Amino acid sequence: MTALLEVTDLGKRFGGVEAVADLDLEVSAGELLGLIGPNGAGKSTVFNLINGVVAPDSGRIVFAGANITGNAPYIVARHGIARAHQIVQPLAGLSVLENCTVGACFGRDNLSLARAREIAREVVTTVGLAERMDTLAGSLTTAGKKRLELARALSARPRLLLLDEVLAGLNPTEVEEMIEIVQDIRRAGVAILMIEHVMRAIMRLSDRIVVLDLGRKLAAGRPQEVANDPKVIEAYLGDSNLLATTDGAA
Amino acid sequence: MISVRLSSFRPFPWLILIVTAAFALVPWWTDNVTWRENLILAALDITLASNLNLMLGYAGYVNFGNIVMFGLGGYIGVYLVSVWHWPLLGATLAGAIAVSIIAYLFGLGVLRLRGAYFALATIGVNEAVSVFVTNFEPWGGATGLYLSLGAYAPLGGPGRALWIVYFLMVAVMGLSLALSYAIRHSKFGLGLLAIGENEDAAATLGVPTRIYKAMVYSVSAFLPAIAGGLYFFKSGIIEPSGAFDLTTSIEAIVMVMLGGQGTVAGPAIGAFLYEELRGYLLTAQTFSHFQLVVAGLLLLVIVLFAPGGLLGFVHQKLPFTRRWLE
Amino acid sequence: MAEILASVIDGVLIGAVYGLAAMGLTLIWGVMNVINLSHGAIIVFGMFALYSLSPMLGLNPYAALPIGVVIGFVAGMLLYWVAVHRVIGRPPLMSLLSTFAVNMVLIGLGTAFWSTSPYNVPVWLPSVSWQGYTYTGTHIMAAVLAAVIAGLLYLLLYRTRIGKAIRAVSANRAAAELSGIPTTQMLALSFGLGVTLAFASGMLIATLFPFTVLSGGAYQLKSFVVTVLGGLGNPAGALLGGIFLGLIEGVATPFMPVSWMPMIEFTLFVIVLIAFPRGIFSYSRT
């Protein structure tokens, strides 16, 4: 099975700092790949490189057979990659519905405004924001904004979803709800590349995990393999509790 | 503030139609030339403000040089009529098309940058084009171009020509409002609004930001260019300082902000209110310099305390107006 | 050829003053990501300040400089609190419009007080002869003073605690706030400094050339060109860029009428913007 997303030998420097180096990565259709690593490991940079916000210095990114290395963000979006940002970027003056309509309109399929609005409506309802359909995005709670971020990315009906710390800043109940939503998305067949620090979540959700440290791939494999890898444990300062499975302290 | 409902009846386009019809019919029925002269200026202001709003209110890009489109359209139109004896309609259309193409190309180059840089570039555009035209002999240099009385003959003489130009200007005003409305409810418009809210997020969502920005810049040049052709044909003379008057550019911005940027009716309301204000100031004070001070203070107050302008305020207090007065 | 050299040297001298003006603009831009569209008007007020202060206080124009600097600084901080403070977090469009509104008010007031007639500040300094060409004393003095003020700014930014605080706020406001720096006051201070530099450059220009209330536009354009040449938020780059612009003007002046200069500068501006979207020194804040 050819991978949906193939990242080969990816590299990026910012001034003197090597943010990402020699990175190989693969996400298959319908798979959820977790991307973890200590702070500053380069995870968000990888996302920026994939969706075109930043152009790589070296390497190739191939998505569904097409070479998207260095493409502008809007072209990457057209190929079917959507992103939910770590620091949420709501279109504050537009309503929740309109935010998602933008996502639907300009995503993978070149939809008409009316059709896009229908799809947006469905997604908003699925994600649980139906009551807030006409609320201005700027006046949502943090949890609401995070959910909107996700809904907006989903509205584009992507083949690959880049989730950047969608659980950050949520209380335990909200985390559970969000995990449910992510699992629903997975079941719908969307491939997901997920950056997360909430370990129990990433352990539960991921099919495979890639660990980054200082811009390089430290380890890769099934969650349990990675959790028991001594290099990984060391990278997280020897705190093996951090990588305990599903019901671990987190 | 925008509110999108799926109900089928949209009252606002009818309002546009009614207002346009009123502009056209009232002076004609009453055969009142004074009203016609006042209303043609109002129609011009509304045209300029509405089209400026496409960039300023929708996409969030300030175009300080918006008067350039008006002036260039005027120059091309008058030039084609006086030197090449083109008919009025053809000349103004040619001018508008030329200006739109130039705007698109200029936009593609300059709009790949952010709003701030674009704003700076447009500040200089007015000055640069003005200097260029002042030194451009084929267009009369500093003295400009004149239209002989013969130019009005194809339209049936100066008297009739003035009425024809009036109706055309009203049509341009109506088209401007209609265009503003149509874009607002289109996919293109949604993309522009997204750009105005958060350009990076819009790009990630798939909005082709650079192309959309260049397109709206180009589109926002078309009708003002026609208005320029019409206005200076009517005046019979065009010269650099009148065609590229920075004050008018600035006033258009104040009109949009005063009435409510991002709405369709806002710029029109702002244009009307500002006209009244300006008229009052000019008669109340002998110093026209204070016009600029007052406009500046007005703009400052709006930006600091009521960035949504008058219509934004009304929409907030009376939500039902969002559908009736977009 | 030697004539061109003389023109170039003169251009470089004046360019130092352009650089000083641009430093004010780029400082504000770099620290708080605000483009001060009242920059030109402030330069004009600096010009008129010199015109008014020296006869008022019976001082030699150069002695009036320090007083002008203080006035400029106070006015700058006031301007921050009135027009800029509320729009800091908001979309850049708002700060463009608010500073533009200030510009309108200032020019309007200026026209009301001083009309649009030309004014002149008579300054007498001996000229310097070198290699058979004379260089106006005022030009040399202006360049020297511009360099001195630039040097003082450097000392302030890099050798004092306040300067460090300003640089911290410029790099990362949130982090600076968390470190205990009163960021809002630093922003006000930076804006005040930026305005002071523009004001001072206006005073210096007044010693060189006649001016009107409407002269600001041309100098504002020069400042923009210099700022993008030198890189945003880079005061040293601004000074160098100013000198570079002065050089270009010096080369061009023998060959073309002065009225074409704004067009050339504008074209240069657009070209630099399009060709170097992140600024020539790759320091940008977009």
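Preceding block: the structure.
As the structure is a computational prediction, the values presented were derived from the model and not from experiment.

What counts, and where the lines are drawn
Residues numbered from 1 in each chain as written. Chains lettered and ligands numbered in written order. Predicted model: local features only at pLDDT ≥ 70, side-chain atom pairs only at ≥ 80, totals over all residues. Core = buried A, V, L, I, M, F, W, Y, C linked by C-beta atoms within 7 Å. Buried ≥ 20, exposed ≤ 12 C-beta atoms within 10 Å, placed from the backbone. Contact = placed C-beta atoms within 7 Å. Pairing = 2+ DSSP bridges. Helix = DSSP H or I, 4+ residues; strand = E, 2+ residues; numbered from the N terminus. Axes fitted to C-alpha atoms, helices over the stretch in contact; angles between N-to-C directions. Nonpolar A, V, L, I, M, F, W, Y, C, P; charged D, E, K, R; others polar. Parallel < 35°, antiparallel > 145°, perpendicular 65-115°, else oblique. Left-handed = near helix turned anticlockwise from the far one by under 90°. Bend = angle between axes of the 7 residues up to and from the residue. Expected span 1.5 Å × (residues − 1).

### Comments concerning the nonpolar core
Here is a general trend for soluble globular proteins: nonpolar side chains tend to be buried in one another's company.
Now for step 1: Core analysis: the largest hydrophobic core is formed by 285 residues, its most contacted members being I192 of chain A, M169 and L299 of chain B together with V17, L20 and A146 of chain C.
Now for step 2: In this view, L20 of chain C contacts A146, I149, A150, L197, A200, S201 and G242 of chain C; residues no more than four positions away in its chain are not counted.

### With respect to the sheet that holds strand 2 (residues 17-27) of chain A
Residues and elements named next belong to chain A.
Now for step 1: With antiparallel pairing, four strands are arranged side by side in an open sheet as 2-1-4-5. Two strands bound the open sheet, and with one partner strand each, they are strand 2 and strand 5 (66-67).
Now for step 2: Taken together, the seven bridges between strand 1 (residues 5-14) and strand 2 define a ladder with antiparallel strand orientation. Across the sheet, the residue bridging to F14 is V17, located in strand 2.
Now for step 3: Sheet strands touched by helix 1 (residues 43-50): strand 1, strand 2 and strand 4 (58-63). Its angle to strand 2, the strand with the most contacts, is close to 65°.

### Digging into the interface of chain B and chain A
Now for step 1: In this complex, chain B contributes 21 residues to the contact, which on the side of chain A involves 24 residues.
Now for step 2: Elements with a minimum of two residues in the side of chain B that touches chain A: helix 7 (187-197) and helix 8 (199-204) of chain B.
Now for step 3: The leading source of residues in the side of chain B that touches chain A is helix 7 of chain B, at six residues.
Now for step 4: Split by residue class, the side of chain B that touches chain A holds eleven nonpolar, seven polar and three charged.

### Focus: the arrangement of the chains
Now for step 1: Taking contact number as the criterion, the leading pair out of two pairs of chains in contact is chains B and C.
Now for step 2: With respect to C-alpha atoms, chain A approaches chain C no nearer than 11 Å, and the pair has no contact.

### Thoughts on the packing of helix 1 (residues 2-32) of chain C against helix 8 (residues 183-208) of chain C
Residue and element names in this part refer to chain C.
Now for step 1: Close contact between helix 1 and helix 8 brings their axes to 8 Å; oriented N to C, the two are set at 165°. In terms of orientation, helix 1 and helix 8 fall into the roughly antiparallel class. The handedness of the crossing between helix 1 and helix 8 comes out as left-handed.

### So, the sheet that holds strand 7 (residues 160-164) of chain A
Residues and elements named next belong to chain A.
Now for step 1: The strand order across the open sheet built from six strands is 6-7-8-3-9-10, with neighbouring strands paired in mixed fashion. The sheet is open, and its two edges are formed by strand 6 (81-84) and strand 10 (216-221), each paired on a single side. Ignoring strand direction, the axes of neighbouring strands in this sheet form an average angle of 20°.
Now for step 2: In this sheet, strand 10 lies alongside strand 9 (residues 208-213) in antiparallel orientation, the contact comprising five bridges.

### Considerations on unusual backbone geometry
Residue and element names in this part refer to chain A.
Now for step 1: Positioned with a positive phi, D22 is a non-glycine residue whose angle comes to about 50°.
Now for step 2: With respect to the helices, strands and loops of the structure, D22 is situated in strand 2.
Now for step 3: For R157, which is not glycine, the phi dihedral falls at a positive 50°.
Now for step 4: Examined against the element boundaries, R157 turns out to sit in the loop between helix 5 (142-155) and strand 7.

### Digging into helix 3 (residues 61-84) of chain C
Now for step 1: Roughly 30° is the biggest bend found in helix 3 of chain C, and it falls at I67 of chain C.
Now for step 2: Within helix 3 of chain C, burial applies to P61, A64, L65, G68, G72, F73, G76, M77, L79, Y80, A83 and V84 of chain C.

### Some words on helix 3 (residues 67-82) of chain B
Now for step 1: For helix 3 of chain B, built from 16 residues, the straight-helix expectation of 22 Å at 1.5 Å per residue is met to within 8% by its first-to-last C-alpha distance of 22 Å.
Now for step 2: Burial analysis of helix 3 of chain B places 16 of its 16 residues in the buried class, which makes it a mostly covered element.

### Digging into the environment of G74 of chain B
Now for step 1: Residue position: G74 of chain B is located in helix 3.
Now for step 2: When the C-alpha atoms of G74 of chain B and V33 of chain B are compared, they prove to be 23 Å apart, with 41 residues separating the residues in sequence.

### So, the interface of chain C and chain B
Now for step 1: With 33 residues of chain C at the contact, the number on the chain B side is 33 residues.
Now for step 2: Elements with a minimum of two residues in the side of chain C that touches chain B: helix 4 (92-114), helix 9 (216-230) and helix 11 (261-275) of chain C.
Now for step 3: Sort the elements by how many residues they give to the side of chain C that touches chain B and helix 4 of chain C lands first, with 15 residues.
Now for step 4: Here the side of chain C that touches chain B is built from residues that sort into 26 nonpolar, six polar and one charged.

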